[in-house]
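Residue strings, one per chain:
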Amino acid sequence: MTGGIEDYALIGDLQTAALVGRDGSVDWLCLPRFDSPSCFAGLLGDQRHGAWRIAPAGAAECHTRRYQGDSLVLVSEWQAPDGRVRITDFMPQRGQGGQRDPQLIRIVEGLDGTVPMRGALRLRFNYGRIDPWVRRTGHHRVAVAGPDSAWLRVPPGVHTYGLDGVTTSEFTVTAGLRVPFVLTWQPSHLASAPRTDPEQALLATLDRWQRWASGCRYRGEWRSAVLRSLLTLKALSYAPTGGIVAAATSSLPERIGGPRNWDYRFCWLRDSSMTLSALLRGGFREEAAAWRRWLLRAIAGGPRYVQTVYGVAGERVLGETTAGWLPGYEGSRPVRFGNAAVDQLQLDVYGEVVDTLHLALLAGLPMERHVWTLLRSLMDHLERHWREPDEGLWEVRGGRRHFVHSKVMCWVAADRAVRLAETTGLPAPVDRWRALRDAVHADVCAHGYDRQRGVFVQHYGGRGLDAATLFVVKTGFLPPDDPRVVRTVDAVRDGLDHGGLVRRYRAGTHGDGLPGGEGAFLACSFWLADALAATGRTDEARALFARVVGLANDLGLLSEQWDPRARRQLGNTPQAFSHVALVNTAFTLAEPG
């Protein structure tokens, strides 16, 4: 039985990540990359679909857990009838000590008394579909299927046996005894796995994380939440390229039992400006520069081929499939891998790309000539196509519309392009860009605004509200004291309220193409806090911010959404969008009013 979404901890090595439950079970892990097929898919079914549990024999959940310092090293402790035991879970960063393949290391330590332990490793490759062939070699158990192999190294003295596809380990720990387990993935054609010293790997992993975290320059009252969010964003980054995935998981539902189950293990362009802002504000310029390099490589080519989402190395083909053999998290189906949004038209991405380049320049990252050429090409394309309908920020599957947020972000593209040209002095058709900026602004105000109610709406010709209209103030499209802004903020706060938080929009009512509802969207709740602060309602903004931060689990992790009725997290986890919004809002509230 899988746990609640909020019951999972994240560990990772900057190329992939695992989710560890309170019961000591690793229920999700894709190897060797975030977007590779999983070897543990119990999260989307049960332990028959792949999991690795180590816990005291007969025990249920740990009584306490935490990250060790400012790291992604997870420490869980159990109080058993005859003693206490601690399990330390982590993934060494690759390249550390010459290690090139992903590893998951679990160190069991007796704290006092005598505690019988039991481990059950069930490897299932290709998203829980393939039972590997398992054999013993020395102190290793080796599981092989197709291109994948996983090597479990067990210390001497641990009784290990295989039965019905499960590798079981039985042993006893006493005070001071440390028993390490090392699981290494590598291509199946390689003959042996390298040996790793688990204790040295633990020290090196702690050192790397804590040295990175020491660069955080936020010193406000929410430092713990901000730093954990920045560590989470770092953990969701793919070190070889600088890309950042939207989440570590796929197909966790936006409503339990519903069909809104998506694969978020990819890199969305729209996250770029907010992610870059969060990293730069936090003091992490190197990661921001790596993200910008990823961005420029990913969108290189003809501007008409710019996509909203890419693979971690810039892959463009992310075909969406369903996994009929997986029952889904708490029966939420279909289970999807890949993402069909790759084929959608989402005009807002042009604004996010140009805003990213503007933020990078303000942070001191130079504007190279080839980048400028690319920007001009993007702007030429946008000039010709901004009047078209698109699928919008929320990637609706009910047909294209003229979404207000998309048009506002087209305005952002023109506005930031003008600012870049004025700052750098590089050659550009600035008068055309100013004219484009004015034309988009006039179009939005004429067609995206409901004069009867005095608010901006989700799309032209509609009356529905959308939290994304808060970008009229977040982007500078209109000043915060404009009555249209104030009324829109109030309308979103009241009309999209969901238990004191904010919905994206009212699901199922605005042609999004899917039945059923969803939870409150956490990033939107942070956006409302930003808008409240901008319009002078700082106390209300701070109260909302504190409430959303309080929805994080005991380790400071946020998923995509929250169910106010069931009081549980929903959607993929941990969600970069939620943590980016947390960081940016914390900095906004720390700034003088």
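So, how was this worked out
Residues numbered from 1 in each chain as written. Predicted model: local features only at pLDDT ≥ 70, side-chain atom pairs only at ≥ 80, totals over all residues. Heavy atoms only, no water. Pairing = 2+ DSSP bridges. Helix = DSSP H or I, 4+ residues; strand = E, 2+ residues; numbered from the N terminus. 1 Å grid on protein atoms, 1.4 Å probe; cavity = no way out; pocket = protein on both sides within 12 Å on 5 of 7 lines; lining within 4 Å. Points joined across faces, edges and corners; volume = space filled by probe spheres on them. Nonpolar A, V, L, I, M, F, W, Y, C, P; charged D, E, K, R; others polar. Phe/Tyr/Trp six-rings, centres within 6.5 Å; stacked < 30°, edge-to-face > 60°. Buried < 20%, exposed > 50% of the residue type's maximum accessible area, 1.4 Å probe, protein only. Core = buried A, V, L, I, M, F, W, Y, C linked by side-chain atoms within 4.5 Å. Polar contact = N/O pair within 3.5 Å; in protein donor to acceptor, adjacent residues only side chain to side chain. Expected span 1.5 Å × (residues − 1). Axes fitted to C-alpha atoms, helices over the stretch in contact; angles between N-to-C directions. Parallel < 35°, antiparallel > 145°, perpendicular 65-115°, else oblique. Contact = heavy atoms within 4.5 Å. Salt bridge = Lys/Arg side-chain N within 4 Å of Asp/Glu carboxyl O.

**Regarding the sheet that holds strand β26 (residues 520–521)**
Read across the sheet, 3 strands follow the order β26-β27-β28 without closing on themselves; strand pairing throughout is antiparallel. Each edge of the open sheet carries a strand with a single partner, namely β26 and β28 (568–570). Where strand β27 (residues 561–563) lies against β28, 3 bridges are found, and the strand directions are antiparallel. Within β28, the position partnered with Gln561 by the bridge is Leu570.

**Focus on empty space enclosed by the protein**
In the structure shown here, the tally under the stated rule is 6 cavities of 30 Å³ or more. Together, 24 residues line the largest cavity, and Tyr264, Leu393, Trp394, Glu395 and Arg504 are the ones closest to its centre. Looking at the lining of the largest cavity residue by residue, the class counts come to 12 nonpolar, 3 polar and 9 charged.

**Notes on the packing of aromatic side chains**
Applying the stated criterion across every chain, the model contains 17 aromatic pairs. When the ring of Phe171 is compared with that of Phe181, the centres are 5.4 Å apart and the planes differ by 45°; the resulting orientation is tilted. In this pair, Phe171 is assigned in strand β14 (residues 166–174) and Phe181 in strand β15 (residues 178–187), connecting sequence segments 10 residues apart. The pair formed by Phe171 and Phe181 is uniform in burial state, with each residue classed as buried. Seen from their ring centres, Trp291 and Trp294 are 5.0 Å apart, and the 20° between their planes marks the pair as stacked. One end of the pair is Trp291 and the other is Trp294, both in helix α5 (residues 285–299) and 3 residues apart, which spans about a single turn. Each of the two residues, Trp291 as well as Trp294, counts as buried.

**Focus: the nonpolar core**
By size, the foremost hydrophobic cluster in this structure holds 188 residues, and its most contacted members are Phe40, Trp52, Val108, Phe181 and Trp527. If you tally residues by element for this core, the top one is helix α8 (residues 404–424), at 12 residues.

**Quick look at the side chain of Ser250**
Position of Ser250 relative to the elements: it lies in the loop between β17 (243–244) and β18 (267–268). Within the structure, the side chain of Ser250 is placed 2.6 Å from the backbone oxygen of Arg336, a separation counted as a polar contact.

**Observations regarding the layout of surface pockets**
Approximately 790 Å³ is the volume attributed to the largest pocket. As for the largest pocket, its lining consists of 29 residues, and the residues nearest its centre are Arg281, Val473, Lys474, Thr475 and Thr588. At the level of elements, α4 (271–282), α6 (348–362), α8, α10 (471–474), α12 (522–534) and α14 (576–590) are the ones that each hand at least two residues to the lining of the largest pocket. Considered class by class, the residues forming the lining of the largest pocket number 12 nonpolar, 10 polar and 7 charged.

**A short note on α4**
With 12 residues, α4 extends 16 Å from end C-alpha to end C-alpha; this agrees with the ideal 16 Å at 1.5 Å per step. Among the 12 residues in α4, 11 count as buried, and that is most of the element. For α4, the complete set of buried residues consists of Asp271, Ser272, Ser273, Met274, Thr275, Leu276, Ser277, Ala278, Leu279, Leu280 and Gly282. Positive backbone phi, approximately 100°, marks Gly283, located one or two places after α4.

**Considerations on the environment of His189**
With respect to the element layout, His189 can be found in the loop between β15 and α2 (198–213). On the basis of relative accessibility, which here comes to 66%, the residue His189 falls in the exposed class.

**Things to note about the pairing of strand β5 (residues 51–56)**
Within β5, 5 of the 6 residues are buried, which leaves the element mostly enclosed by the surrounding structure. Here strand β3 (residues 25–30) pairs with β5 via 2 bridges, running antiparallel. Bridge pairing links Val26 to Trp52 in β5.

**Section: unusual backbone geometry**
Looking along the chain, the bond that leaves Leu31 and enters Pro32 is cis, with omega of 10°. Relative to the assigned elements, Pro32 resides in the loop between β3 and β4 (38–40). Cis peptide bonds are those with omega within 30 degrees of zero, and the linkage from Arg333 to Pro334 qualifies with 5°. Position of Pro334 among the secondary structure elements: in the loop between β20 (321–322) and β21 (336–337). For Asp164, which is not a glycine, the phi torsion comes out positive at approximately 55°.

**Quick word on the packing of α4 against α6**
Taken N-terminus to C-terminus, the directions of α4 and α6 make an angle of 20°; their axes are 8 Å apart at the nearest point. The angle between the axes of α4 and α6 places the two elements in the roughly parallel class. Here Ser272, Ser273, Leu276, Ser277 and Leu280 of α4 come into contact with α6, specifically with Glu352, Val353, Asp355, Thr356, Leu359 and Ala360. The class makeup of the residues in the contact of α4 with α6 is 5 nonpolar, 4 polar and 2 charged.

**Here's the deal with the environment of Asp530**
Structurally, Asp530 is set in helix α12. The sequence separation of Asp530 and Asn339 amounts to 191 residues, and the corresponding C-alpha distance is 30 Å. Polar side-chain contacts of Asp530 include one of 2.9 Å to the side chain of Thr585.

**Focus: α5**
Across its 15 residues, α5 extends 21 Å between first and last C-alpha, which sits within 8% of the 21 Å expected from 1.5 Å per residue. For α5, a buried count of 11 out of 15 residues is recorded, marking the element as mostly surrounded by other parts of the structure. Every buried residue belonging to α5 is among Glu287, Ala288, Ala289, Ala290, Trp291, Arg292, Trp294, Leu295, Leu296, Ala298 and Ile299, and all of these are buried. Positive backbone phi, at 120°, marks Gly301, one or two positions downstream of α5.

**Considering the pattern of salt bridges**
Enumeration according to the criterion identifies 47 salt bridges in this entry. Arg22 is paired through a salt bridge with Asp7; the nearest N and O atoms lie 2.9 Å apart. With a gap of 15 residues between them, Arg22 in the loop between β2 (17–20) and β3 and Asp7 in the segment before β1 (9–12) connect regions that are remote in the sequence. Residue classification places Arg22 among the partly exposed residues on the basis of a relative accessible area of 22%. Glu254 is paired through a salt bridge with Arg504; the nearest N and O atoms lie 3.8 Å apart. Here Arg504 lies in the loop between β25 (501–502) and β26 and Glu254 lies in the loop between β17 and β18, a separation of 250 residues in the sequence. A single burial state applies to Glu254 and to Arg504, both of which are buried. Each of the salt bridges in this network shares a partner with another, and the network as a whole consists of Glu77, Arg84, Arg86, Glu109, Asp112, Arg178 and Glu199.

Distances and angles like these do not, on their own, reveal function.
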